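# Reading the structure
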Amino acid sequence: MARVFSGIQPSGELHIGNYLGAVQNWVRLQDQHECIFSVVDLHAITQPYEPQELAQRTQDMAVGLLAAGIDPARTVLFVQSHVAEHTELSWILTTVTPLGELERQTQYKDKAQRQESVPAGLLSYPVLQAADVLVYQAGLVPVGEDQLQHLELMREIARRWNARYGNGFFPEPQPLLTGAKRVLGLDGHAKMSKSLGNTIGLLESPEAIWAKLRPAATDPARKTRKDPGNPEVCNVFTIHQGFSPPPVQAHVAQQCRTAGWGCLDCKRVLADHMIAALTPLRERAAQLQANPSGVRALLREGAERARAIARRTMIEVRRRMGFLEPTERGGD
Ligand code: SF4
């Protein structure tokens, strides 16, 4: 059974963009593979953030993942900073990573442009990503199209380390393309992102879901109720594809193209399907939130399982790289 690794940043509560774009797929992957999933807090600190909020955001993300169906009995779920081997391997991999490759990464260039002073951590972000995967010798990484460049760099880093220290030790991770359609924010323009205020949280109440969906952007061609639309260019239809059953999606597309109904009718149908799908998740989350120490215990157990694998990898990495082994007190 192939081993899968993936991570998600602790942005707080999961939103439907995270869910449809990644987490729904993670839940399915648990049936087919050995999965290791992490809340990657060490990645989150490469962007400006509030230290007093980080722990709560991390806990909230873990609650969201558990409520969405990540099953800690089958899957290793843990917080990245709880397993120090990630940072140790990251430093080691930095020594075989070409600087030019890091500087060429599109995401680095985008983010660096927006910052006056660029921290080196932003540049070496993909090296930590490589360490996240390679420390578990994971062979598969679920990614969207926009992450393929980082995955190719990860494969290059594995090849370079293998060539220098141990051919075949690190597998070259393969992409598992999710195939999920990218859900835009409710404004219909930008990526769905909590910082842009254009999200619907996965655990929101039915009233809040409707209040946010009601004014959401649709196909601009539908200026009046009589104007036919094109569901393929409408973000509301993309969300339908995540929550409504196929016969409903077909009905939506037909009603849209023939101006058989207005966008508000369409959104009401979507809201009903979203609420039906998300209510059990909200109920599970409420149980988890009522027992924060239980969630912490699950994360501790996840970190112990992750650390056991990561330690074995690092013993072999250190041995192949020729480091002097530490001795126990009183040893030779
Ligand atoms: S009818 Fe539905 S799919 Fe068509 S434009 Fe309006 S909201 Fe979008």
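Coordinates for the structure precede this section.
Residues numbered from 1 in each chain as written. Predicted model: local features only at pLDDT ≥ 70, side-chain atom pairs only at ≥ 80, totals over all residues. Heavy atoms only, no water.

### Some remarks on the overall build of the protein chain
The condition is simple: Where helices and strands are cited, they refer to DSSP runs of H or I of at least four residues and of E of at least two residues respectively, numbered from the N terminus. To get the radius of gyration, use the C-alpha atoms; to get the globule rule, take the number of residues to the power 0.38 and multiply by 2.2 Å. Between buried and exposed lies partly exposed: a residue is buried under 20% and exposed over 50% of the maximum accessible area for its type, with that area taken using a 1.4 Å probe on protein chains only. What makes two residues a contact is simply this: any of their non-hydrogen atoms within 4.5 Å. With residues, only the protein chains shown are counted as cover, and all accessible areas are computed by Shrake-Rupley using a 1.4 Å probe. Neither His nor the chain ends contribute to the count of charged residues, in which Lys and Arg are positive and Asp and Glu negative. A charged residue contributes its charge at one atom only: NZ of Lys, CZ of Arg, CG of Asp or CD of Glu.
For the protein chain, the helix and strand inventory stands at 14 helices and five strands. Computed over the C-alpha atoms, the radius of gyration of the protein chain is 22 Å, within 12% of the 20 Å expected from 2.2 N^0.38 for a compact globule of 332 residues. Across its three principal directions, the C-alpha atoms of the protein chain cover 85 × 45 × 40 Å. For the protein chain, buried positions account for 47% of its 332 residues. Long-range contacts, defined here as pairs at least 24 residues apart, represent 79% of the contacts in the protein chain between residues at least 6 apart. Carbon and sulfur atoms form 52% of the exposed surface of the protein chain, whose accessible area is close to 16,500 Å². Charge separation in the protein chain, taken as the distance between the mean sites of 37 positive and 35 negative side-chain charges, equals 3 Å.

### Some words on the site of the ligand
So the rule is basically this: Here a residue is considered near a molecule or strand provided that any single heavy atom belonging to it is located within 4 Å of it. Detection works on a 1 Å grid of protein atoms alone, calling trapped sets that fit a 1.4 Å probe cavities and calling open sets with protein on both sides within 12 Å along at least five of seven lines pockets, with lining residues defined by an atom within 4 Å of a point. To be counted as sitting in a cavity or pocket, a molecule needs more than half of its atoms within 2 Å of that site's grid points. Only Asp, Glu, Lys and Arg are considered charged, only Ala, Val, Leu, Ile, Met, Phe, Trp, Tyr, Cys and Pro nonpolar, and every remaining residue, Gly among them, polar.
What surrounds the ligand is the set Thr218, Asp219, Arg222, Cys234, Val236, Phe237, Cys256, Trp261, Cys263 and Cys266. Counting atoms within 2 Å of the grid points, the majority share of the ligand lands in the largest cavity. Counting only elements with at least two residues in the shell around the ligand, the list comes to helix H11 (235-243) and helix H13 (263-289). The residue makeup of the shell around the ligand, split by class, is seven nonpolar, one polar and two charged.

### Considering the packing of helix H3 (residues 51-68) against H13
We count it as follows: All axes here are fitted lines through C-alpha atoms, helices being fitted over the stretch that makes contact, and every angle between N-to-C directions spans 0 to 180 degrees. An angle counts as roughly parallel when it lies under 35 degrees, as roughly antiparallel when it exceeds 145, as roughly perpendicular when it falls between 65 and 115, and as oblique in every other case. A crossing counts as left-handed when the near helix is turned anticlockwise from the far one by less than a right angle, and as right-handed when that turn is clockwise.
Interhelical geometry of H3 versus H13 gives an angle of 135 degrees and a closest axis separation of 8 Å. One way to sum up the angle between H3 and H13 is to call them oblique. Where H3 crosses over H13, the two elements pack in a sense that is right-handed. Every residue of H13 that contacts H3 at Val63, Leu66, Ala67 and Ala68 is listed here: Leu281, Arg284, Ala285, Leu288 and Gln289. Per-class residue counts for the contact of H3 with H13 are seven nonpolar, one polar and one charged.

### Here's the deal with empty space enclosed by the protein
Quick note on the threshold: Grid points are joined across faces, edges and corners, and a volume is the space filled by probe spheres set on the points.
Inspection of the entire model under this criterion finds two cavities of 30 Å³ or more. Size it by volume and the largest cavity reaches roughly 110 Å³. In terms of lining, the largest cavity is formed by 13 residues, of which the most central are Cys234, Val236, Cys256, Cys263 and Cys266. If you tally residues by element for the lining of the largest cavity, the top one is H13, at three residues. Per-class residue counts for the lining of the largest cavity are nine nonpolar, one polar and three charged. One number sums up the size of the second largest cavity: a volume of about 60 Å³. Every residue lining the second largest cavity is listed: Gln105, Gln107, Tyr108, Lys111, Leu122, Tyr125, Pro126 and His150. If you list the elements that add at least two residues to the lining of the second largest cavity, you get helix H6 (106-113) and helix H8 (125-134). Top element by residues in the lining of the second largest cavity is H6. It accounts for three residues. Of the residues belonging to the lining of the second largest cavity, the class tally is four nonpolar, three polar and one charged.

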